[in-house]
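Coordinate analysis (summary)
These are the residues of each chain, in order.
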Amino acid sequence: MTRLVESDIDTVVDEMAKLDADFLRSTGATLAEIAEYAVGANFGEIDFNVKTSVVPITSGLGIIGGFAQTVAGILQHIGVDAFVTEHSDVWGSYEGRLNSKCQFAADDDWFMAANNESNKISENGYATGIGFAAALVLAAKKQGRNLADEAILVAGAGPVGLAAAKFITKKGGKVTLLDIDPTKLENQPYETLTTTEGRKFSLVLEATTSKDVINIHNTSSDVIVSAPGVPLGVDEKLAEGLCTKNTLLFNPLELGTATMMADVLYTKDLL
Ligand code: 2YC
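The following refers to the structure shown. The structure displayed is predicted, hence computed values, not measured ones. (Residues numbered from 1 in each chain as written. Predicted model: local features only at pLDDT ≥ 70, side-chain atom pairs only at ≥ 80, totals over all residues. Heavy atoms only, no water.)

For the protein chain, the count of helices and strands is 9 helices and 11 strands. In summary, the protein chain has a C-alpha radius of gyration of 18 Å against a globular reference of 18 Å for 271 residues, a match within 12%. If one aligns the C-alpha atoms of the protein chain with their principal axes, the spans along those axes are about 55 × 40 × 40 Å. Long-range pairs, those at least 24 residues apart, make up 61% of the contacts in the protein chain with a sequence separation of at least 6. Within the structure as shown, the protein chain displays about 12700 Å² of accessible surface, and the carbon and sulfur contribution to it stands at 53%. (Helix = DSSP H or I, 4+ residues; strand = E, 2+ residues; numbered from the N terminus. Rg over C-alpha atoms; globule rule 2.2 N^0.38 Å. Contact = heavy atoms within 4.5 Å. Areas by Shrake-Rupley, 256 points an atom, 1.4 Å probe, with all protein chains shown as cover.)

The following block contains the structure:
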């Protein structure tokens with residue numbers, strides 16, 4: 001996962017209403033509804049109004065300016081009673097556990113949510129993968145397109161891409177998995193590629209840390225691209241065109257965070 005910088009997230013909280021409006025245009029669902037769909041809940045089924053603490057973590061490369069506040073702001077937007085703890089690290093975790101049901105914290109390598117009541121946990125890579133896959137499936141549905149008829153590419157066989165590939169397969173899509181590192185493609189239950197040479201795809205989940213992976217040569221004219229990868233792995237010219245057609249789904253932190261919250265709150269009744 002790429003480490004965000006302050007400038008990646010400094011307008012996120014102010015633009016949450018715009019994000020919902022964009023999501024409604026492209027997927028027919030709001031941020032909260034996409035997160036619910038990602039974890040198998042119906043729209044409106046999850047009661048997000050729970051006390052949740054976000055703990056700043058100073059380890060490693062340290063605090064990212066505004067990160068904890070941005071996570072709290074995203075959660076508040078979907079109805080969570082979220083706050084940033086006064087203290088950081090273990091003191092902050094202790095303070096949070098005394099005053100909240102759920103807790104979020106991120107160091108340089110992991111971004112985790114925990115439900116202190118049910119002990120359910122959610123990790124950002126997995127949640128981001130199912131969240132962006134859910135958005136892609138909903139966007140295709142909104143256009144009346146059947147997954148079974150689509151050429152679907154998941155670019156990047158890391159935690160995000162693999163979670164997304166599983167979700168899309170579960171929804172009836174046939175996934176082609178791309179990675180430049182062939183060792184990441186071993187024993188994967190999908191068609192695998194190390195290059196998109198000669199191939200065109202109509203639904204794309206871009207989960208690499210590279211730029212320009214997705215371009216006009218490997219996409220169809222009606223392509224929908226869901227892109228959790230930071231930086232955006234879509235060729236600039238193609239990205240501009242997709243934006244005007246509301247067929248590019250890209251945000252640095254919002255969908256992963258909302259899906260983590262849905263994931264730690266929702267346990268499907270197995271009975
Ligand atoms: O401010 C803080 O608490 C920092 N310790 C946060 C560091 C987050 C580092 N991770 C990232 O920037 C990205 C996130 C999108 C989630 C995974 N990697």
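Right, picking up where we left off after that structure.
The subject of this paragraph is the sheet that holds strand β7 (residues 175-178). On the basis of which strands lie adjacent, the open sheet formed by 6 strands has the order β8-β7-β6-β9-β10-β11 and parallel pairing. Where the open sheet ends on each side, the last strands, each with one partner, are β8 (191-193) and β11 (248-249). Alignment of strand β9 (residues 201-206) against strand β10 (residues 219-226), held across 4 bridges, turns out to be parallel. Of the residues in β10, the one forming a bridge with Leu203 is Ile224. (Pairing = 2+ DSSP bridges.)

The next point concerns the site of the ligand. In the vicinity of the ligand lie 15 residues, with Thr2, Leu4, Ile57, Ile64 and Ala106 positioned nearest. Backbone polar atom of Ala106 to a nitrogen atom of the ligand: 2.8 Å apart, as the coordinates give it. The fraction of the free accessible surface of the ligand (470 Å²) that becomes covered by protein chains is 96%. Split into classes, the residues belonging to the shell around the ligand amount to 10 nonpolar, 3 polar and 2 charged. (Near = heavy atom within 4 Å. Polar contact = N/O pair within 3.5 Å; in protein donor to acceptor, adjacent residues only side chain to side chain. Nonpolar A, V, L, I, M, F, W, Y, C, P; charged D, E, K, R; others polar.)

With that settled, consider the layout of surface pockets. In this structure, the second largest pocket encloses a volume near 500 Å³. Looking at the lining of the second largest pocket, the elements that each hand over two or more residues are α1 (6-9), α2 (16-27), α8 (236-244) and β11. Its residues placed into classes, the lining of the second largest pocket shows 11 nonpolar, 5 polar and 7 charged. (1 Å grid on protein atoms, 1.4 Å probe; cavity = no way out; pocket = protein on both sides within 12 Å on 5 of 7 lines; lining within 4 Å. Points joined across faces, edges and corners; volume = space filled by probe spheres on them.)

We now examine the packing of aromatic side chains. According to the stated counting rule, one finds 3 aromatic pairs in the structure shown. Here the aromatic rings of Phe67 and Phe111 are separated by 5.4 Å at their centres, their planes lie at 65°, and the arrangement is edge-to-face. Note that Phe67 is positioned in helix α4 (residues 67-77) and Phe111 in strand β4 (residues 111-115), a separation of 44 residues in sequence. Each member of the pair Phe67 and Phe111 is classed as buried. Put simply, the rings of Phe67, Phe104 and Phe111 pair up and form one aromatic cluster. (Phe/Tyr/Trp six-rings, centres within 6.5 Å; stacked < 30°, edge-to-face > 60°. Buried < 20%, exposed > 50% of the residue type's maximum accessible area, 1.4 Å probe, protein only.)

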